[in-house]
Every structure is written in structure tokens, then in C-alpha cells.
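Now for the letters of each chain:
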Amino acid sequence: MKLETPYALLAELTHRCPLRCPYCSNPVDLVRRSQEMDTESWKSLLKQAADMGILQVHFSGGEPTARKDIEELVAYADECGLYTNLITSGVLSDDDQIHRLARAGLAHVQISIQDSDTENGDWIAGFPGAQQKKLALAKSVDEAGLALTINAVIHRQNIDRVDRMIDLAVSMQAQRVEVANVQYYGWGIQNRPYLMPTIKQLEIMDQVVKRKIVELKGAITIDYVVPDYYARRPKACMNGWGQRFINITPEGYALPCHAAETIPELEFDNVRDTPLSKIWADSQAFNRFRGTEWMPEPCQSCDQREIDWGGCRCQALALTGAAENTDPVCELAPGHAQVLLTALEDSRDIEVDFDYRKFSRPDTARS
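From a predicted model like this one, the values you see are computed outputs, not experimental measurements. (Residues numbered from 1 in each chain as written. Predicted model: local features only at pLDDT ≥ 70, side-chain atom pairs only at ≥ 80, totals over all residues. Heavy atoms only, no water.)

S.K.: Honestly, the pattern of salt bridges in this entry has me stumped. Any pointers?
M.R.: Side chains that differ in sign of charge can pair as their charged atoms come close. Under the defined criterion, the tally for this structure stands at 15 salt bridges. When the shortest N-O distance is used, the salt bridge between E215 and R211 registers 3.2 Å. One end of the pair, E215, and the other, R211, are both in helix α9 (residues 199-215), four residues apart, so they sit about a helical turn from each other. Overall, R211 belongs to the partly exposed group, its relative accessible area being 40%. Between K212 and E215 there is a salt bridge; the shortest N-O distance is 3.9 Å. With K212 and E215 both in helix α9 and three residues apart, the pair spans about one turn of that helix. Taken together, the shared-partner salt bridges connect R16, E36, R67 and D69 into one network. (Salt bridge = Lys/Arg side-chain N within 4 Å of Asp/Glu carboxyl O. Helix = DSSP H or I, 4+ residues; strand = E, 2+ residues; numbered from the N terminus. Buried < 20%, exposed > 50% of the residue type's maximum accessible area, 1.4 Å probe, protein only.)

S.K.: Sorry, what's going on with the environment of M37 here?
M.R.: Position of M37 among the secondary structure elements: in the loop between β1 (8-12) and α1 (39-52). M37 sits in the buried class, given a relative accessible area of 1%. Considered as a pair, M37 and D78 are 41 residues apart in the sequence and their alpha carbons are 20 Å apart.

S.K.: I tried to follow the nonpolar core on my own but got confused; where do I start?
M.R.: Side chains that are nonpolar tend, in soluble globular proteins, to be buried together. Ranked by internal contacts, the top residues of the largest apolar core, which has 61 residues, are L9, L46, F59, I150, I246, I248 and L276. For this core, the element with the highest residue contribution is α1, accounting for six residues. Among residues more than four places away in sequence, those in contact with I150 are I111, I113, A169, M172, A174, R176, V177 and E178. Grouped together as the second largest cluster of nonpolar side chains are 19 residues, C237, L255, C257 and C314 included. (Core = buried A, V, L, I, M, F, W, Y, C linked by side-chain atoms within 4.5 Å. Contact = heavy atoms within 4.5 Å.)

S.K.: Which parts of the structure should I look at to understand the sheet that holds strand β9 (residues 254-255)?
M.R.: Either a parallel or an antiparallel arrangement is found when strands of a sheet pair, and the pairing is made through backbone hydrogen bonds. Pairing within the open sheet is mixed, and its nine strands lie in the order β7-β6-β5-β4-β3-β2-β1-β8-β9. Either end of the sheet is taken by a strand with one partner, and the two such strands are β7 (221-224) and β9. Of the pairings in the sheet, the one linking strand β4 (residues 108-113) to strand β5 (residues 147-154) comprises six bridges and is parallel in character. Residue V109 lies in a different strand from β5, and its bridge partner there is L148. Contacts from helix α2 (residues 70-79) reach β2 (56-60) and β3 (83-88), with the element oriented near 175 degrees to β2. The strands touched by helix α5 (residues 130-143) within the sheet are β3, β4 and β5, with β4 carrying the most contacts at an inclination of about 165 degrees. (Pairing = 2+ DSSP bridges. Axes fitted to C-alpha atoms, helices over the stretch in contact; angles between N-to-C directions.)

S.K.: Help me out: how do you make sense of unusual backbone geometry in this one?
M.R.: With the exception of glycine, most residues fall at negative phi, and the peptide bonds are largely trans. A cis amide bond links G61 to the next residue, G62, at an omega of 15 degrees. Along the chain, G62 falls in the loop between β2 and α2. Located in the positive-phi region is Q173, a residue other than glycine, with phi close to 65 degrees. Tracing the chain through its elements places Q173 in the loop between α6 (162-171) and β6 (176-181). For Q173, a relative accessible area of 44% translates into the label partly exposed.

S.K.: Teacher, can you tell me more about α5 here?
M.R.: The periodicity of an α-helix, 3.6 residues per turn, causes residues three or four positions apart to be oriented the same way. In this model, α5 (14 residues) spans 20 Å end to end at C-alpha, consistent with the 20 Å of a helix rising 1.5 Å per residue. Buried residues along α5 sit in contact with β3, α3 (95-104), β4, α4 (118-125), β5 and α6. Where α5 terminates, the next one or two residues include G145, which has phi positive at roughly 80 degrees. (Expected span 1.5 Å × (residues − 1).)

S.K.: Please clarify how α3 should be interpreted in this entry.
M.R.: Looking only at α3, the buried set comprises Q97, I98, L101 and A104. Axial view of α3: buried residues confined to an arc of 120 degrees, hence all on one face. Set apart from the buried face of α3 by more than 90 degrees, the exposed residues are D96 and R103. The secondary structure elements touched by the buried residues of α3 are α2, β3 and α5. Between the side-chain oxygen at the start of α3 and the backbone nitrogen of D96 there is a gap of 3.3 Å, and the oxygen is on D94. At the C-terminal side of α3, G105 shows a positive phi close to 120 degrees. (Arc of directions from axis to C-beta. Polar contact = N/O pair within 3.5 Å; in protein donor to acceptor, adjacent residues only side chain to side chain.)

S.K.: Honestly, the packing of α1 against α2 in this entry has me stumped. Any pointers?
M.R.: Direction vectors running N to C along α1 and α2 enclose 20 degrees, while the axes themselves pass 10 Å from each other. Judged by the inter-axis angle, α1 sits roughly parallel to α2. Considering how the two elements wind past one another, α1 and α2 form a crossing that is right-handed. Facing T39, E40, W42, K43, L46 and K47 of α1, the residues of α2 in contact are E72, L73, Y76 and A77. The residue inventory of the contact of α1 with α2, partitioned by class, reads five nonpolar, one polar and four charged. (Parallel < 35°, antiparallel > 145°, perpendicular 65-115°, else oblique. Left-handed = near helix turned anticlockwise from the far one by under 90°. Nonpolar A, V, L, I, M, F, W, Y, C, P; charged D, E, K, R; others polar.)

As far as function goes, none of this settles anything; it's purely spatial.
Here's what the structure looks like:
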């Protein structure tokens, strides 16, 4: 297949974060502050990305504003001609910093919310006062003239208020809200029994969100995808493995997706040792599941193979034990029945018992 130019770079500047969300997609073994790439290394990477033709950089983490050089990196990315987006929890930044970031060239901010209910939102985040800080930051983003997306992370503990979470995004003056159903890898898969909604909850959510899309047309854009475990066909994860997207970890490893390190057979190159363009074209990790030649049946003969690109490799590994298997959320997959059984088993009504000690960051923003 023809190798396309990637259009987006996800720059995970740090794994440090004051929140303790039990669905966090970061690795279970977090990168410590001492292992993070320094400012000049990130600048070199941003220049390489722009030279390759990459259009967007998404500054993420952890919490990217835990980095003292975030404003410098945003300014340099803008200087390189990259569209800049800040993906933030919204609890470490303030009005002054948002206006400084806007002057530095920041174009867009994405703020996550855990619930419409303040008390429950703070409980899910493991951070008292988180909700009020998010609301205040959204106001600053609006006043600074920046575009705003709200990422509403949906799971069993808040799904019954999805309509109010969408309304909250509207009140925060967001142009877009992502109804982001939890993905089950990283921390999420460890807490899946407490996060997996029941089928009844999902049926109601589906009706509610589709109604909201119609009601709020013109007021806000609602991005919504059916949760994987209950879908009939898989989504095109990352728009196809190794086709349009590069993820950079805090210590500089280049990944085809942010959960790719869960696949033990893959070898990841580091941007401190190898040029980004060479990694994109030649690395074992990016080429392993690129295109369609690697696909097993029934993917190989499927007329959707260049639409869904085989679905999610990390999900295939988590649910079948092998990343090269057909994504089992597909109704044609040999393991599809097991996905349904897993969903039913994990959607039982059980008492919530998140062990927040497992989610305490070993190296917080104050370290």
C-alpha cells in the first residue's frame, strides 16, 4: 500500500497527573519525571513533524500543563506551522496561563469531564474540587477566543446522566462534545467490572444521545460511537494502524497508538535515536499491522477491510490473547461470542470498589 503522510502527532509530554481516573488509558507502569524528554528534544521532534507534513500536534499526558515548558513548546509548534491542541484535565491551569497559551499560538483546548454531578465527578477523578476548576477553565478558554471540545468519558458510574453531561458541555460554550465510551485497556481493563455499563443502560444512552444530536444541531457537534463490546463491526482504530497517526511517549518512543506498548511482540524506536520520518516508514511496530496483508480470515476477504482496517489490535490482544487475531467485537470474528459473554459478566450489578491506591501517581506535578 502507498505510505501516506501522517496528519497528527500526539505528544504525551508527561504521565504526571493530579487525577486518579480508574479508566486512564496510560500504561500501568508510568514514566517518571526523570525519564521524560527535555524541551530541546521535544522541539526537535516538532520540527521533524512539521517537515514531514504533519498538520496537527495534540499536547497530552498525563496532564501536559504539569510541564513548566508547555508554553514554550506551544509557541515553537505554532512557529513550525502546526495546529496546536491542548488535551487537559483542566485542574492545574488557570486564566492567566490560558491567555498566555493563546498568545503563544494555541488554537484549541480539550477538557475532560467525569460527570455532570459535581460530587460524583470529583469522586471519579479522585480529586476534590475538580469539577469547579474545569468549569472555570472552560470560561477562560472561551474568553481567550480558543476553540473548545469537551471529552465526556462514559461508563457505568455516569452513563445515566449522559444527557446532562452533554448539556453541561453546551453551558461551557464548547463547540464539540465527544461522548467517549471507556476503552478497556491500560487502567480501564483492570477496572472493567466496575466500568462496563449494562445492556439496558447502553440501550437508553443510545436513544438519548441520538435524540440530543437532533435537538442540539447547530448548537454543538456531538461525536458518538457505539461502545466496542456492543458493536456489530469494529471501528477503524486510529484511522488504520500506522496510516495517519503517531503517538510519542514521555520518554520518546514512537507508537502507532497510545496502547500499542501492551503488545509484547512489537519493537518501538525512540525519536532521540532515530529520525521520525525513518520510524514512520521503516519501523517494525508501524509496519506490523499496516495495510491489509497481515489480516487473517474473515478480515482478508471482507469488503470492509479498507474501512475498519481490522479494528483494534490492542483489543484483539486483550480479549483473545493475540494481537493478530480478528478484533472480536466484529460479529464475524471467531471470538465474538466471548466478547458478549465478557460484556454480560462485567456488566453485573456489583458494588463499586475502585482501589484508588493503584492510581496514585508516583511522580505528581508538584515533584
